[in-house]
Amino acid sequence: MDVASYAEACAADGLRGDYSACRPDFTVEQDYDAYGAEDHAVWRALFERQSQLASEMAHPSFLDGLRNLNVGDRIPDFDQVNAQLQKRTGWTLVGVPGLIPAEAFFEHLAGRRFPTTNWIRSADEFDYIVEPDLFHDFFGHVPLLSLPVFADFMQLYGATGQRAIAQGSVEPVTRLYWYTAEYGLIREADGPLKAYGAGLMSSAGELPHAVHGPGVRRRPAALADIVRTSYEIDKYQRVYFVLDSFEALFQALQSDDLDAVLSAAAKEPAVDPATR
Ligand code: HBI
Ligand code: FE
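Calculation criteria
- Residues numbered from 1 in each chain as written.
- Chains lettered and ligands numbered in written order.
- Predicted model: local features only at pLDDT ≥ 70, side-chain atom pairs only at ≥ 80, totals over all residues.
- Heavy atoms only, no water.
- Donors = N, O, S within 2.8 Å, 3.2 Å for Na, K, Ca; no water.
- Tetrahedral: all angles 85-135°; square planar, octahedral: opposite > 155°, others 65-115°.
- Buried < 20%, exposed > 50% of the residue type's maximum accessible area, 1.4 Å probe, protein only.
- Salt bridge = Lys/Arg side-chain N within 4 Å of Asp/Glu carboxyl O.
- Helix = DSSP H or I, 4+ residues; strand = E, 2+ residues; numbered from the N terminus.
- Disulfide = S-S within 2.5 Å.
- Axes fitted to C-alpha atoms, helices over the stretch in contact; angles between N-to-C directions.
- Left-handed = near helix turned anticlockwise from the far one by under 90°.
- Contact = heavy atoms within 4.5 Å.
- Nonpolar A, V, L, I, M, F, W, Y, C, P; charged D, E, K, R; others polar.
- Patch = residues over 30% accessible without salt bridge, like charges linked within 9 Å, V, L, I, M, F, W, Y side chains within 5 Å.
- Areas by Shrake-Rupley, 256 points an atom, 1.4 Å probe, with all protein chains shown as cover.
- Pairing = 2+ DSSP bridges.
- Near = heavy atom within 4 Å.
- Polar contact = N/O pair within 3.5 Å; in protein donor to acceptor, adjacent residues only side chain to side chain.

Caption draft 1: Fine view of the coordination of the iron ion (ligand 2). On the protein side, the iron ion (ligand 2) has H136 (NE2), H141 (NE2), E182 (OE) and E182 (OE) as donor atoms, found 2.0 to 2.7 Å from it. Geometry at the iron ion (ligand 2) is irregular, judged from its four donor atoms and the angles of 53 to 136° they form at the metal. You can call H136 buried: its relative accessible area is 11%. Given a relative accessible area of 5%, H141 falls into the buried group.

Dropping the structure here:
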């Protein structure tokens, strides 16, 4: 899809980003000097709250990644972060105005570029925002990009998504992203249950709910189950999938019958997450 028609569709849907300055690959400059004092204050307050929750509930590799990024008081400058991240795992953050078409999103991931929204929510949306903003994209997703196995998973996910589009079925592969990169939990070798998904790491309400909530459905992260399970974007998840290890997630994407599993899932009705 070209930028002009996507921009029109986003405006019609009430999305906030400014797509007028997009390059053909949907990237934009971060435009660091455009952030005002309120933007930095929102970042700092969100950062402090989520860092506190993460220190108790995040997987240790997320916390290591967060520490390595050396961010905190002010909105991170993508260029400065890139110098670090490129050394660690070869990933680069690229600015985007918000959601971009799946095709472009997958192409960036397959090239080890993480599309990162360049604007941050306002103070009135402190607790919840439907669209991904800079806080969600950066705080939620970027820390684990410094873990080599997760960095490799994200690249392979992008390439898998590109093949899924070519096969004509994007829905199952987006469920995989949703229940892992966005809302994934992990428990390694009888250790404590921890969170790693970005939608959890950037949410003050859903993170403790997913990790500690009573009556929360938590199921083993079996690829064939995940790709059949539908999801809703505007409420807490009805089910969370729990990994044994990040290696297992990466290996699931290397399976020989992955494309067959994805296309079989596309032909079946989705399973309601409340019945998992
Ligand atoms: N664009 N910026 C951005 N961030 C996303 O997470 C994203 C996207 N476009 C499409 C998309 N996600 C979904 O299709 C994914 O599940 C692939
Ligand atoms: Fe996200």
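Caption draft 2: Focus on the pattern of salt bridges. Scanning the model with the defined rule gives eleven salt bridges in all. Its salt-bridge partner being E268, residue R228 comes within 2.7 Å of it at the nearest N-O pair. Placement of R228 in the loop between α11 (223–226) and β6 (240–243) and of E268 in the segment after α13 (258–267) is noted, with a sequence separation of 40 residues between them. Relative accessible area serves as the criterion here: at 18%, R228 is assigned to the buried category. Put simply, R238 and E232 hold a salt bridge, and the shortest N to O gap is 3.9 Å. In this structure E232 comes out as partly exposed when scored by relative accessible area, which is 34%. Where salt bridges share partners, they join E232, D234, K235 and R238 into one cluster.

Caption draft 3: Region of the structure containing the state of the cysteines. Tallied over the entire structure, the rule returns zero disulfides. C10 takes part in no disulfide bond, and the closest cysteine sulfur, belonging to C22, lies 8.7 Å away. By relative accessible area, C10 is classed as buried at 4%.

Caption draft 4: View of unusual backbone geometry. Even without glycine at this site, F26 takes up a positive phi of about 70°. F26 gets classed as buried once you look at its relative accessible area, which sits at 2%. For D31, which is not glycine, the phi dihedral falls at a positive 60°. On the secondary structure map, D31 appears in the loop between α1 (3–12) and α2 (37–57). Look at D31 and you get partly exposed, because its relative accessible area is 49%.

Caption draft 5: A look at the packing of α2 against helix α6 (residues 134–141). Direction vectors running N to C along α2 and α6 enclose 35°, while the axes themselves pass 11 Å from each other. Two packed elements cross with a definite hand, and for α2 against α6 that hand is right-handed. Together, W43, L46, F47, Q50 and S51 of α2 and L134, F135, F138 and F139 of α6 make up the contact between the two elements. Considering only residue class, the contact of α2 with α6 consists of seven nonpolar, two polar and no charged.

Caption draft 6: A nonpolar patch on the surface, seen in detail. Side chains of Y128, V130 and I233 sit close together on the surface and give an oily, nonpolar patch of about 310 Å² of accessible area. The residue I233 is located in the loop between α11 and β6 in this model.

Caption draft 7: Representation of the sheet that holds strand β3 (residues 185–186) in the model. Strand order in the open sheet made by the four strands is β4-β3-β6-β5, with mixed pairing throughout. Every other strand in the sheet has two partners, leaving β4 (194–195) and β5 (218–220) as the edge strands with one partner each. For β3 and β4, the ladder comprises two bridges, and the chain directions are antiparallel. The residue bridging L185 from the neighbouring strand is A195, located in β4.

Caption draft 8: Quick peek at the site of ligand 1. Around ligand 1, the neighbouring residues are V96, G98, L99, I100, A102, F105, F106, Y157 and T174. Between ligand 1 and the protein, one listed contact pairs a nitrogen atom with a backbone N or O atom of G98 at 3.0 Å. Coverage of ligand 1 by the protein amounts to 85% of the 390 Å² it exposes when considered alone. When residues of the shell around ligand 1 are assigned to their parent elements, the largest contribution, three residues, is made by helix α5 (residues 102–110). When grouped by side-chain class, the residues that make up the shell around ligand 1 number seven nonpolar, two polar and no charged.

Caption draft 9: Expanded view of helix α3 (residues 60–69). Turning to α3, its buried residues are S61, F62, L63, G65, L66 and L69. On the buried face of α3, the contacting elements are α2, α4 (78–89), α6 and α9 (198–201). Positive phi appears at N70, one or two residues downstream of α3, with a value of about 55°.

Caption draft 10: Up close: the packing of α5 against helix α7 (residues 148–167). It is at 7 Å that the axes of α5 and α7 come closest, and there the two elements cross at 145°. The way α5 lies across α7 gives a crossing that is left-handed. The residues of α7 that touch α5, namely those facing A102, E103, F106, E107, L109 and A110, are M154, Q155, Y157, G158, A159, G161, Q162 and I165. Classifying every residue of the contact of α5 with α7 by side-chain character gives eight nonpolar, four polar and two charged.

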